[in-house]
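Secondary and tertiary structure notes
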Amino acid sequence: MPAGRPTGADRLRVAVDATPLLGARSGIGVVTFHLLEALAARPDVRILAYSVSWRGRREIVRDVPSGVVTSTRPMPDRPLHLAWEHLGWPPIEYWTGATDVVHGTNYDVPPSRRAATVVTVNDLAIVRFPDLCQPATRPYPGRVRRAIERGAFVHTPSAFVAAETVELLGAHPERVRVVHYGVPPVSARPPGQTGVDGRYILAVGTIEARKDHPTLVRAFDQIAAAHPDVRLVIAGGEGGAGAALGAAIDAAHHRGRIELLGRVDDARRDALLASASVLAYPSRYEGFGLPPLEAMTVGVPVVATTGGSLPEVLGDGALLVPPADPEALAAALATVLDDDAVRSDLIARGRRWAAQYSWADCAQGLEDLYRSAAAG
């Protein structure tokens, strides 16, 4: 063994909640996969993935990155959450064995016997804009507050969310750490694999109220007549706002040039991203925002809003407009479509900006956080 390399007994033992990997992956599922992969590559950390799911005891073995050890003892979701909420029991070590740190990746971390705990808060939309959120997210603030009361450290992917966690959930500033995510790799695909002809404005993401696709439809309708060769393509699974989006499309004069693709597989999503003329991200509120960064890495210009953390996360790599403002969004989209100089500059700035986000840096930041939590 090389000198200075830690032995198994010396490595920091971290149990990570991999439940977001199960089923059709949302953004947090994608993030969880890549952070597990990056953490597993660190020589000073030993990662164990667990899943708070009855079916997870079988599926998690298949879904984690190569080289990640899993706990396969069954964890029934509903009874456990009730016990953790009302009794603070049983401790997570019953499933993970002795560990130094437990990291809850999605707004919840189980109580522990001796291990330090870390909980990730990706955004606080459910507190800021409860009417824009899905009912399944309602328990999140209470779970985070209970974790904080038990002494958990909080991880957030942006300084914006860190400040909100202190303000809205009462976390102590010294126990809240910002660690940015990396950018998931996007495979460039030949344009023929998109299934879309000609130029198009692309939006990707779950069809939920806070993503504000209706504003994008109205913005596109304002510029469609002047850009007869451009289509609007929206790809994403239903998240409770399909009726509002459908109503906006029905009211659009140019609805025949709007395509709803629903949820698409990874290969087609990558092809759509790499071949888009513009990525539009009209969200009213974001805690991080992966799709714009993904678009930047493959040289696609981005028009986004100033909702939530987006100014911090996207910096000067995107053209930013106020949320819920179809006129401003329409003007920005038209500028990118029509002005080659603006387009080229935006592509160059986007590539430079997105390059600062890496999974290796994310894993380093999380390891530093784990060590602080374990020492505390």
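Every value quoted in this text rests on a predicted model; they were computed, and no experiment measured them. (Residues numbered from 1 in each chain as written. Predicted model: local features only at pLDDT ≥ 70, side-chain atom pairs only at ≥ 80, totals over all residues. Heavy atoms only, no water.)

**Some thoughts on the sheet that holds strand S8 (residues 199–204)**
- With respect to topology, 6 strands assemble into an open sheet ordered S10-S9-S8-S11-S12-S13, the strand pairing being parallel. Edge positions in the open sheet fall to strand S10 (258–262) and strand S13 (319–321), since each of these has one partner strand only. With strand direction ignored, the average angle separating the axes of adjacent strands in the sheet is 20 degrees.
- Here 6 bridges tie S8 to strand S9 (residues 230–235), and the two strands are oriented parallel to one another. If you follow valine 204 over to S9, its bridge partner there is alanine 235. (Pairing = 2+ DSSP bridges. Helix = DSSP H or I, 4+ residues; strand = E, 2+ residues; numbered from the N terminus. Axes fitted to C-alpha atoms, helices over the stretch in contact; angles between N-to-C directions.)

**Looking at unusual backbone geometry**
- Residue proline 90 is bonded to the preceding tryptophan 89 through a cis peptide linkage, with omega at 0 degrees.
- Here proline 90 is to be found in the loop between helix H3 (77–87) and helix H4 (93–96).
- At tyrosine 107, a position not held by glycine, the phi torsion is positive, near 70 degrees.
- By secondary structure assignment, the location of tyrosine 107 is in the loop between strand S4 (101–104) and strand S5 (116–120).
- Looking at tyrosine 107, the relative accessible area reads 6%, which means it is buried.
- The phi dihedral of alanine 324 falls on the positive side, at around 55 degrees, and the residue is not glycine.
- Within the secondary structure, alanine 324 sits in the loop between S13 and helix H13 (326–338). (Buried < 20%, exposed > 50% of the residue type's maximum accessible area, 1.4 Å probe, protein only.)

**Re the packing of aromatic side chains**
- Within this structure, the stated rule accounts for 8 aromatic pairs.
- Between tyrosine 94 and tryptophan 95 the ring centres are 5.0 Å apart and the planes differ by 80 degrees, which places this aromatic pair in the edge-to-face class.
- The buried category is assigned to tryptophan 95, whose relative accessible area is 10%.
- Ring geometry for tyrosine 107 and tyrosine 140: centres 4.4 Å apart, planes at 10 degrees, overall stacked. With a gap of 33 residues between them, tyrosine 107 in the loop between S4 and S5 and tyrosine 140 in helix H6 (residues 140–149) connect regions that are remote in the sequence.
- Residue classification places tyrosine 140 among the buried residues on the basis of a relative accessible area of 18%.
- What links up through ring pairs into an aromatic cluster is the set Tyr181, Phe288, Tyr357 and Trp359.
- The ring centre of tyrosine 94 lies 4.4 Å from the NZ or CZ of arginine 73, which sits over that ring. (Phe/Tyr/Trp six-rings, centres within 6.5 Å; stacked < 30°, edge-to-face > 60°. Lys NZ or Arg CZ within 6 Å of the ring centre and 35° of its normal.)

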